[in-house]
Amino acid sequence: MTDLRRLTTIRGLRNNNPGNIRISDTPWQGKIPKSLNTDKNKAFEQFESLEYGLRALMKNAYTWVLRGKNTLEKLISVWAPPHENHTGNYIDYVAKQMGIPKNEVFKTLDKKFFISLARAITEMENGIAAAQKLVPYSAYEEAYRIMGSTSYTPVPEKKNESAS
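Source: prediction; values computed, not measured.

### Looking at the overall build of the protein
- Each helix and strand in the protein was counted, giving 7 helices and 0 strands.
- Helices and strands appear in the protein in the N-to-C order α-α-α-α-α-α-α.
- Its C-alpha atoms give the protein principal-axis dimensions of about 65 × 30 × 30 Å.
- A fraction of 62% describes how many contacts in the protein between residues 6 or more apart in sequence connect residues 24 or more apart.
- Working note: accessible area of the protein is about 9100 Å², and carbon and sulfur atoms make up 50% of it.
- A distance of 2 Å separates the average location of the 24 positive side-chain charges in the protein from that of its 17 negative side-chain charges.

### A few points about the nonpolar core
- Counting residues in hydrophobic clusters, the biggest one holds 42 residues, and the most contacted among them are L54 and L117.
- Sorting the residues of this core by element identifies α2 (50-66), α3 (72-79), α4 (87-98), α5 (111-126), α6 (128-134) and α7 (137-147) as the ones contributing at least two each.
- For this core, the element with the highest residue contribution is α2, accounting for 8 residues.

### Looking at α5
- Given a rise of 1.5 Å per residue, 16 residues ought to cover 22 Å, and the 22 Å separating the end C-alpha atoms of α5 matches this to within 8%.
- Burial in α5 covers these residues: F113, F114, I115, S116, L117, A118, A120, I121, T122, E123 and N126.
- The secondary structure elements touched by the buried residues of α5 are α1 (11-14), α2, α3, α4, α6 and α7.

### Considering the side chain of N20
- As for its position among the elements, N20 is in the loop between α1 and α2.
- Within polar-contact distance, the side chain of N20 engages the side chain of E125 at 2.9 Å.
- If near-sequence neighbours (up to four positions away) are discounted, N20 is found in contact with R11, G12, F44, E125 and N126.

### What to know about the layout of surface pockets
- Estimated volume of the largest pocket: approximately 430 Å³.
- As for the largest pocket, its lining consists of 20 residues, of which N20, I21, R22, N60 and W79 are closest to the centre.
- Of all the elements in the fold, those that place two or more residues in the lining of the largest pocket are α2 and α3.
- Looking at which element gives the most residues to the lining of the largest pocket, the answer is α2, with 3 residues.
- When its residues are assigned to classes, the lining of the largest pocket shows 8 nonpolar, 7 polar and 5 charged.
- For the second largest pocket, the calculated volume is near 180 Å³.

### Regarding the packing of aromatic side chains
- Applying the stated rule across the entire model yields 4 aromatic pairs.
- Between the aromatic rings of Y62 and F114, the centroid separation amounts to 6.1 Å while the plane-to-plane angle is 65°, which identifies the pairing as edge-to-face. With Y62 in helix α2 and F114 in helix α5, this residue pair connects regions lying 52 residues apart in the sequence. Each member of the pair, Y62 as well as F114, carries the same accessibility label: buried.
- When the ring of F106 is compared with that of F113, the centres are 4.8 Å apart and the planes differ by 65°; the resulting orientation is edge-to-face. Comparing F106 with F113, the two get one shared label, buried.
- Each residue in the set Y62, F106, F113, F114 and Y144 is aromatic and connected to the rest through ring pairs, giving one cluster.
- One cation-aromatic arrangement involves R67 over W64; the distance from NZ or CZ to the ring centre is 5.7 Å.

### Here's the deal with the pattern of salt bridges
- With the rule as written, the count across this model stands at 8 salt bridges.
- Measuring nitrogen to oxygen at the nearest pair gives 3.7 Å for the salt bridge that ties K111 to E141. Highlighted residues: K111 in helix α5 and E141 in helix α7, separated in sequence by 30 residues.

Conventions we followed
Residues numbered from 1 in each chain as written. Predicted model: local features only at pLDDT ≥ 70, side-chain atom pairs only at ≥ 80, totals over all residues. Heavy atoms only, no water. Helix = DSSP H or I, 4+ residues; strand = E, 2+ residues; numbered from the N terminus. Contact = heavy atoms within 4.5 Å. Areas by Shrake-Rupley, 256 points an atom, 1.4 Å probe, with all protein chains shown as cover. Lys, Arg positive; Asp, Glu negative; His and termini not counted. Charge placed at Lys NZ, Arg CZ, Asp CG, Glu CD. Core = buried A, V, L, I, M, F, W, Y, C linked by side-chain atoms within 4.5 Å. Buried < 20%, exposed > 50% of the residue type's maximum accessible area, 1.4 Å probe, protein only. Expected span 1.5 Å × (residues − 1). Polar contact = N/O pair within 3.5 Å; in protein donor to acceptor, adjacent residues only side chain to side chain. 1 Å grid on protein atoms, 1.4 Å probe; cavity = no way out; pocket = protein on both sides within 12 Å on 5 of 7 lines; lining within 4 Å. Points joined across faces, edges and corners; volume = space filled by probe spheres on them. Nonpolar A, V, L, I, M, F, W, Y, C, P; charged D, E, K, R; others polar. Phe/Tyr/Trp six-rings, centres within 6.5 Å; stacked < 30°, edge-to-face > 60°. Lys NZ or Arg CZ within 6 Å of the ring centre and 35° of its normal. Salt bridge = Lys/Arg side-chain N within 4 Å of Asp/Glu carboxyl O.

See the structure below:
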């Protein structure tokens, strides 16, 4: 497992939390307990390894999708809200990196989907150069492997039908 805590000053990578998930009571696998969390102001989760942080990113995204955030525009709007980010730019970047339209309902949530989503979020949260240099592809693959099963059936968008 990869531990970036001593390799960088970039907060998300230093915390092994490349998605910059805020601290909560969620019992993430590989989570460093709040009492041992060394993040300044204890605002963000810390993980034992990069793979556990990437797994949390993927699981968090999966949960949001199951709750109806089933397009990149919807998902990234809750991941990177406008009061903290340039959300429109974030959405456009992730859509470009993943090669899918930002308003298209996700068709499938497979390995390719989760790894490309996690890579794009990691690059936005930590800087493209740092993410590409410090986060090996194998870490994304391992995170997906330890994430476990993901079952998803897309729900068609409801069309407004006017009465005839």
